[in-house]
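This is what each chain is made of:
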Amino acid sequence: MSTISYDGQSLMIDGRRVWLVSGAIHYPRMPHQLWPDRIRAAKQAGLNCVETCVFWNIHEPEPGLFNFDGDADLRRFVTLVGEAGMYCILRPGPYVGAEWDFGGLPPWLHRTEGVKLRQANGPFQEACARYLGAVMDQVKDLQITSPTRGVAEVAGDRGGPIILVQAENQWCCHNPEQEEAYHNELARYLRENGCSVPIIDCNMLWARADTAIACWTGTRLATDLRQLRAVQPNAPPIACEYWSGGFDHWGRAHHRDDAAVHLYHMAAILAVGAQLNLYMFHGGTNFGFYGGRTAQLNSSHAAGSRFGFVTTSHDYDAPLSEAGGRGPKFLATKRIMTFANQFGWLLAHLEPGSQPAAVAPDDVNHPPSVLHQHGSQGDVVFLLKTAKDKTRVANLMLPNGQTLPVTFGRDPVAWCVFDANLGGVAELSYTNLRPWAFVDKRMLVLFGPAGSEAVVCIDDAPLQLKVPTGQAPLVEQHEGLTVVVLNTPQVDAAYLCGDGLVVGAAGLDADDEPLPLPGWPRITTIRPDGTTTRQPTTIIRTSPAPRLGSWQRADLGDFVEGASPRFKPIDGPMSLEALGCNYGYGWYRLSIKGKRRGAGKLLAPQMGDRLHVYADGRLTQILGDGPNAANGPTPLRLSGDIVILADNLGRCSDGWRLGEPKGLFGHIYAVRQARLGKPKVVAGRAPDLFELGGFFQFARRGDQPPADALVWRVKPDGRKPLIFDIDRLPGRAMLLVNNRPVGAYDADQTAGKGRFLLEVGRHITGGRNELKLALFAKHNARTNLNKHIHLYQTTANLTAKASWAFARWLLPSDDDFAPLAKTRPAQPCWYRSTFSAAHTDAPLWLEPRGMSKGQIFINGHNAGRYFVATRTGKAMPPQKRYYLPEPWLRTDGPNELLLFDEHGRSPTQCKLVYDPMGPYGK
């Protein structure tokens, strides 16, 4: 049985220091057959740890019914990490965020009476306790502290690979009462269910779980992590989420960061003596309907993307692409993470107090930063320069006064070690090359810019070298060690293999055999004793992508016209969750008696996310969020039989709108704009958000600075409700009606939108009412309130006397399909085609050219949502290719491709392509 502890620098297992070099891989974002490949790629990138989120909604789809099989086999995934000789950081939640639908929370919580999310609340905490108990039952014997020999030994440690467990995620709220009653309670649940490794949190010091190690998140993290060390001197500084890229929204350009910038940020974290977890190392895919919605948006988003729904691809611009491809970011990661892993003993023994003053690496307007740290196993120096800095060589002055020239080459960073203990067999006195690996205590691997002058001093004996310029590595014997010198292209093509090194490979296969790399005709193998062998390679060309066969179509006219026998009566407006439709679409039918006079305008204040409204089988309007959808009052007549296709585009995974219902869960009203007039500005203090609930992201209880309130006096028309709208108002506010809080708004946390239905007898009276928009800052008189704030008077409830019915959205049967006709109604339908795949040696992608928006199914698997064009044909960025995972394909028979298209656009332009890198290339 191993014991685990920590101090201000690192974790310790049985007293032996451990340095974590970690990357995030979310196992539900790929078929389970691909888990070994993705884990193997992480190890080949130099990582020694895999972090993974546990998505509650995957494992408990209905209360008390747990699923830990197939793609949800958490135990199997953790076991594979251990079998790869790696550690595991487990993030069981219960809330994880992660751009995943509902932040991982299960939709049935909407049907749980009295539930309040992410706070001390009986129904919610009871569900959390049950779920965390089930998770720990799966993995508690896979912790490093397990008293029995586990499935694998990690670096000689018994037990399992789990070394840290994270409680909740980004509970960034200062509310001491909830911190104690909720967040600390989650840590107790974990402990009571067998968690025996250290617990970490990811709250950036907003809240502290008892005895937990506080961690940090972000991209430019050097300054924050050094400050964290000062605040938390007895625990190691850890970047539990270094954001290696970013997720994408529909309607916005693909997020992409330069590999050199990525390398800079990783080096800056290591330079302040901190450990890091790459979020993400491999992003994967939001299959099915699991793509979430993010509340935090900003002005950089392109027009039409303000609604914040996350794309099917979760490529994240991560080092390992969506389908497992390796590009420049992977190579940059391998360069520095292999060093951090191979020389982890040096980094883990740095002195926590050794933090000399330095130019901040987060400052973009400076010459190269030099950060030097001292430790009992040697010193490490990082040199970092920004893109604007053209320095080619930095001359380091050593303690003895000697000058050591360090050449940057094309990289913005360099690192050197001094007086480094090489496993007790030698000492690396100094070198101006980047140390990369130390193999079998006999072979030292270093690299630098091609052609640069190099010096390697071992046991005070210097060796003058020149970094090779071709593809042949330089191998020298010096002071009893094999010294291998590589240039940057060579180290990018280098992999540690068994007890040796291969150069000229694209990676290693499942048997640790090198894979051929285009442009490298030979693979060089170097053994620790210096023995070198070379063998020629042959690049295997991928065959052309399969061709799609003829198409068939299954019409949905009986649903669109409301004639399907699957429609069943319901009592009135109900959310999709209340109707048992946890994901995707649902069909509503409203039979409205009588005629409506005049065009008028209508509004559905209680809906989400998009309602396709059909009359007489024709689409009349899309209400809701996103392109080609009407979010405000809309000219539209409702009479007779109306059919609505409700589209749940993904629940919020963060922010104050977490827990929003979907579908049509309230009535539709005829409205007219009411005159608000100029508000009375009343000076005072910011309101107390926590009158509305126990948790608000990035809010601090008691933080009520001087602020203004905007006050209006309004009177409704009889007993008819009012609708108060806030649209992209800068800042934060709370709406109070007759001095009672109704709701809160934040430009970031509510996606810039706030809509409040004010009903007579519940929120307002039939007489004069005071509407107060309490701001959290002083009112800027230059703000155009007419642009941001609107009041609508309802003139009629258009659906109050309607007969309501509902039908589930289901896959068609074989009998529903017919050959594709030349003329097609422009309405939702299904398409079917088949294709043959000779192999699965390369990732296959669907390009749904000519289509609009819908879902992709391959051999019965829901491959996710596509959105390539609006109903008018306007292109929708950023994703044009959609992953069809290799394990879901058949090579021994036809593959069936099903497409649901919301607007019935023709599939004849759809195309299949092979691409190893992903939907965006690298």
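Residues numbered from 1 in each chain as written. Predicted model: local features only at pLDDT ≥ 70, side-chain atom pairs only at ≥ 80, totals over all residues. Heavy atoms only, no water.

You can see S653 is positioned in the loop between β41 (640–647) and β42 (663–664). According to the relative accessible area criterion, S653 is buried, its value standing at 3%. Discounting chain neighbours no more than four positions away, the residues touching S653 are Y95, G97, E99, W100, F102, G103, R293, T294 and L658. (Helix = DSSP H or I, 4+ residues; strand = E, 2+ residues; numbered from the N terminus. Buried < 20%, exposed > 50% of the residue type's maximum accessible area, 1.4 Å probe, protein only. Contact = heavy atoms within 4.5 Å.)

Time to look at the pattern of salt bridges. Inspection of every chain in the model, using the stated rule, returns 41 salt bridges. For R651, the salt bridge identified is with D101, shortest N-O distance 2.8 Å. Here R651, found in the loop between β41 and β42, pairs with D101, found in the loop between β6 (87–93) and α4 (122–139); they are 550 residues apart in sequence, far enough to count as distant. The exposure class of R651 is buried, given its relative accessible area of 1%. Its relative accessible area of 0% is what places D101 among the buried residues. Between R755 and D725 there is a salt bridge, and its shortest N-O distance comes to 2.8 Å. On the criterion of sequence distance, the pair formed by R755 in strand β50 (residues 753–758) and D725 in strand β47 (residues 722–727) is long-range, its members being 30 residues apart. When its relative accessible area of 22% is taken as the criterion, R755 is described as partly exposed. Sharing partners across several salt bridges, the network here consists of R293, D609, D625, R657, E660 and K662. (Salt bridge = Lys/Arg side-chain N within 4 Å of Asp/Glu carboxyl O.)

Once that is clear, we can look at the environment of H372. Inspection of the secondary structure assignment puts H372 in strand β14 (residues 369–373). With relative accessibility at 34%, the residue H372 sits in the partly exposed group. Contacts of H372, omitting those with residues within four sequence positions, involve S354, P356, D379, V380 and V381. Within the local environment of H372, its side chain forms a polar contact with the side chain of D379, the two groups lying 2.9 Å apart. (Polar contact = N/O pair within 3.5 Å; in protein donor to acceptor, adjacent residues only side chain to side chain.)

Structurally, the position occupied by A510 is in the loop between β29 (505–508) and β30 (514–516). Judged by relative accessible area, A510 falls into the exposed class, the value being 59%. Measuring from C-alpha to C-alpha, the distance between A510 and H110 comes to 44 Å, with 400 residues separating the pair along the chain.

Buried residues dominate strand β40 (residues 618–624), accounting for five of its seven residues. Pairing between strand β39 (residues 610–615) and β40: six bridges, direction antiparallel. Across the sheet, residue Y614 finds its bridge partner in β40, namely L619. A loop of two residues connects β39 with β40, the two strands running antiparallel in sequence, and D616 in this loop sits at a positive phi of about 55 degrees. (Pairing = 2+ DSSP bridges.)

With that out of the way, let us pick up helix α3 (residues 74–83). Judged by how many residues are buried, α3 sits mostly within the fold: seven of 10 residues are covered. Here α3 has its buried residues at L74, F77, V78, T79, L80, V81 and G82. Within two residues after α3, G85 carries a phi angle of roughly 80 degrees, on the positive side.

Turning to the sheet that holds strand β3 (residues 16–18), a few remarks are in order. The pairing of strands in a sheet happens through backbone hydrogen bonds and is either parallel or antiparallel. An order of β1-β2-β3 is seen for the three strands of this open sheet, with the pairing classed as antiparallel. The open sheet has two edge strands with one neighbour each: β1 (4–6) and β3. Ignoring strand direction, the axes of neighbouring strands in this sheet form an average angle of 35 degrees. The sheet contact formed by β1 and strand β2 (residues 11–13) spans three bridges and is antiparallel. Looking across to β2, one finds that I4 is bridged to I13. (Axes fitted to C-alpha atoms, helices over the stretch in contact; angles between N-to-C directions.)

Turning our attention to the packing of aromatic side chains. Counted according to the given criterion, the structure contains 43 aromatic pairs. Between F247 and Y316, the ring centres sit 6.4 Å apart and the planes meet at 45 degrees, which makes this aromatic pair tilted. Here Y316 lies in the loop between β13 (275–282) and α8 (328–342) and F247 lies in the loop between β12 (238–243) and α7 (259–271), a separation of 69 residues in the sequence. Residue Y316 is classed as buried on the basis of its relative accessible area, which comes to 4%. If you follow R700 out to its NZ or CZ, it ends over the ring of W206, 4.8 Å from the centre. The ring of F776 carries R732 above its face, with NZ or CZ at 5.9 Å from the centroid. (Phe/Tyr/Trp six-rings, centres within 6.5 Å; stacked < 30°, edge-to-face > 60°. Lys NZ or Arg CZ within 6 Å of the ring centre and 35° of its normal.)

This part is about the packing of helix α1 (residues 35–44) against α3. Contact geometry for α1 and α3: axes closest at 10 Å, N-to-C directions at 35 degrees. Handedness of the α1/α3 crossing: right-handed. Residues W35, P36 and I39 of α1 form the contact with α3, whose own contacting residues are R76, F77, L80 and V81. Class assignment of the residues belonging to the contact of α1 with α3 gives a composition of six nonpolar, no polar and one charged. (Left-handed = near helix turned anticlockwise from the far one by under 90°. Nonpolar A, V, L, I, M, F, W, Y, C, P; charged D, E, K, R; others polar.)

The subject of this paragraph is the nonpolar core. Residues I163 and F382 are the most contacted members of the largest nonpolar core, which totals 171 residues. Excluding residues that lie within four positions of it along the chain, I163 makes contacts with I4, L11, I13, V18, L20, Y87, C88, I89, V197 and P198. Residues L649, A837, Y882 and L884 belong to the second largest nonpolar core, which totals 36 residues. (Core = buried A, V, L, I, M, F, W, Y, C linked by side-chain atoms within 4.5 Å.)

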